[in-house]
Amino acid sequence: MLFRSLVHAALERWWSDAQHKAPSLDATLAVLDAEPDPFVRARARAMLTVYHEAWHVDAAERFDVIGVELPFECDLVNPATGATSRTFRLAGKLDALCRERTTGRVLIVEHKTSSEDLTPGGDYHARLRMDSQVSTYFAGARSLGYEPAACLYDVLRKPAMRPQLATPHGARKYTKPTKTEPEPRLYAGQREHDETPEEYEARMLDAMARDVGAWVHRFEVVRLDAEREEAAADVWQIARMIRDAQIEGRHPQIGRAHV
């Protein structure tokens, strides 16, 4: 299973529990048992443990979860003419949809995993704010009978740390015996044994706990009417290109053209 799919499946369970009762860390982590690689599981476990600690209070007190993994299908409309496509429809799935208790605002929730820096105002934020797919989610939420105020990007950063291996025998260096430390030991930074999955997970959790905001982050993206219309025009144009290719029986392949 792809790593992002593994994390996404666990988040689906977390938000489903939030919809009916309260998020359960044990139930969320149990989803990861489907992954056979113990080190991949350890990495995902660390990410989701930090996620749960950061957001389980929000899930219990801030939001009412309307639905999780909500499919939608609606008309594909030409925003310039109002015409509805007779060939294609707009379809997709919302990771989650929730209502903020204090304001009544409906928010689309979109899960993301990334290896990038999540610092507010950085390049990652800027790209997501321009993501045209968000406009499709707004259309999907409206087709389900809701008027979303914003899309809540729910981002988890992937640790770059890798399991530590034992120092090769030929490269090992030991301290000399002293009165206070009569038994020689490996120099700092060298290892006698490979790191276990449990040690790997604990090391990641320790590093992530020092700055939780660097590893899990949420921010809202809104869409103005003009932005939604522009995105709808792009989708309409793509649909036309696909239809033209179907009619002509030609499907251009990127990389085959020569200048």
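Computed from a predicted model, the values in this text were never measured in an experiment.

Things to note about the overall build of the chain
Thought 1: Looking only at helices and strands, the chain features 7 helices and 5 strands.
Thought 2: Sequence-ordered secondary structure for the chain, helices as α and strands as β, is α-α-α-β-β-β-α-α-β-α-β-α.
Thought 3: If you line up the chain on its principal axes, its C-alpha atoms span 90 × 60 × 35 Å.
Thought 4: The proportion of buried residues among the 259 residues of the chain is 37%.
Thought 5: Look at the contacts in the chain between residues 6 or more apart in sequence, and 72% of them connect residues 24 or more apart.
Thought 6: Surface accessibility of the chain: about 15300 Å² in total, with carbon and sulfur atoms responsible for 52%.
Thought 7: If you average the places of the 35 positive and of the 40 negative side-chain charges in the chain, the two averages end up 4 Å apart.

Comments concerning the nonpolar core
Thought 1: Formed by 36 residues in total, the largest nonpolar core has its most connected members in V7, W15, L32, L48, Y51, L156 and M208.
Thought 2: Contributing elements (two or more residues each) for this core: α1 (3-20), α2 (25-30), α3 (38-61), β1 (63-77), β2 (84-100), β3 (106-114), β4 (150-157) and α6 (197-209).
Thought 3: When residues in this core are grouped by element, the largest group, 9 residues, is from α3.
Thought 4: Grouped together as the second largest cluster of nonpolar side chains are 18 residues, F138, Y153, F219 and V221 included.

Thoughts on the sheet that holds β1
Thought 1: With mixed pairing, 5 strands are arranged side by side in an open sheet as β1-β2-β3-β4-β5. A strand with exactly one partner marks an edge of an open sheet, and here the two such strands are β1 and β5 (216-221). Averaged over neighbouring strand pairs, the angle between their axes works out to 35° when direction is ignored.
Thought 2: Both β3 and β4 contribute to a ladder of 8 bridges, which runs parallel.

With respect to the side chain of E195
Thought 1: Relative to the helices and strands, E195 is located in the loop between β4 and α6.
Thought 2: Within the structure, the side chain of E195 is placed 2.8 Å from the side chain of R203, a separation counted as a polar contact.
Thought 3: Those residues in contact with E195 that sit more than four places away from it in its chain are F39, R162, P163, Q164, Y200 and R203.

Focus: the packing of α3 against α6
Thought 1: Between α3 and α6, whose axes approach to 9 Å, the crossing angle comes to 30°. Accordingly, the angle class assigned to the pair α3 and α6 is roughly parallel. For α3 against α6, the interelement crossing comes out right-handed. Only P197, Y200, E201, M204, L205 and M208 of α6 make contact with α3, whose side of the interface consists of P38, F39, A42, R43, R45, A46, M47, T49 and V50.

Some words on the packing of aromatic side chains
In this description, an aromatic ring pair is defined by two values, namely the gap between the centres and the angle between the planes.
Thought 1: Taken as a whole and assessed by the stated rule, the structure comprises 4 aromatic pairs.
Thought 2: Their ring planes at 75° and their centres at 5.1 Å tell us that W14 and Y51 sit as a pair that is edge-to-face. Remark: Y51 occurs in helix α3 and W14 occurs in helix α1; sequence separation between them is 37 residues.
Thought 3: Note on W14: relative accessible area 1%, which makes it buried.
Thought 4: Overall, the relative accessible area of 1% leaves Y51 in the buried class.
Thought 5: An aromatic cluster is present here, built from W14, W15 and Y51 joined pairwise through their rings.

What counts, and at which threshold
Residues numbered from 1 in each chain as written. Predicted model: local features only at pLDDT ≥ 70, side-chain atom pairs only at ≥ 80, totals over all residues. Heavy atoms only, no water. Helix = DSSP H or I, 4+ residues; strand = E, 2+ residues; numbered from the N terminus. Buried < 20%, exposed > 50% of the residue type's maximum accessible area, 1.4 Å probe, protein only. Contact = heavy atoms within 4.5 Å. Areas by Shrake-Rupley, 256 points an atom, 1.4 Å probe, with all protein chains shown as cover. Lys, Arg positive; Asp, Glu negative; His and termini not counted. Charge placed at Lys NZ, Arg CZ, Asp CG, Glu CD. Core = buried A, V, L, I, M, F, W, Y, C linked by side-chain atoms within 4.5 Å. Pairing = 2+ DSSP bridges. Axes fitted to C-alpha atoms, helices over the stretch in contact; angles between N-to-C directions. Polar contact = N/O pair within 3.5 Å; in protein donor to acceptor, adjacent residues only side chain to side chain. Parallel < 35°, antiparallel > 145°, perpendicular 65-115°, else oblique. Left-handed = near helix turned anticlockwise from the far one by under 90°. Phe/Tyr/Trp six-rings, centres within 6.5 Å; stacked < 30°, edge-to-face > 60°.

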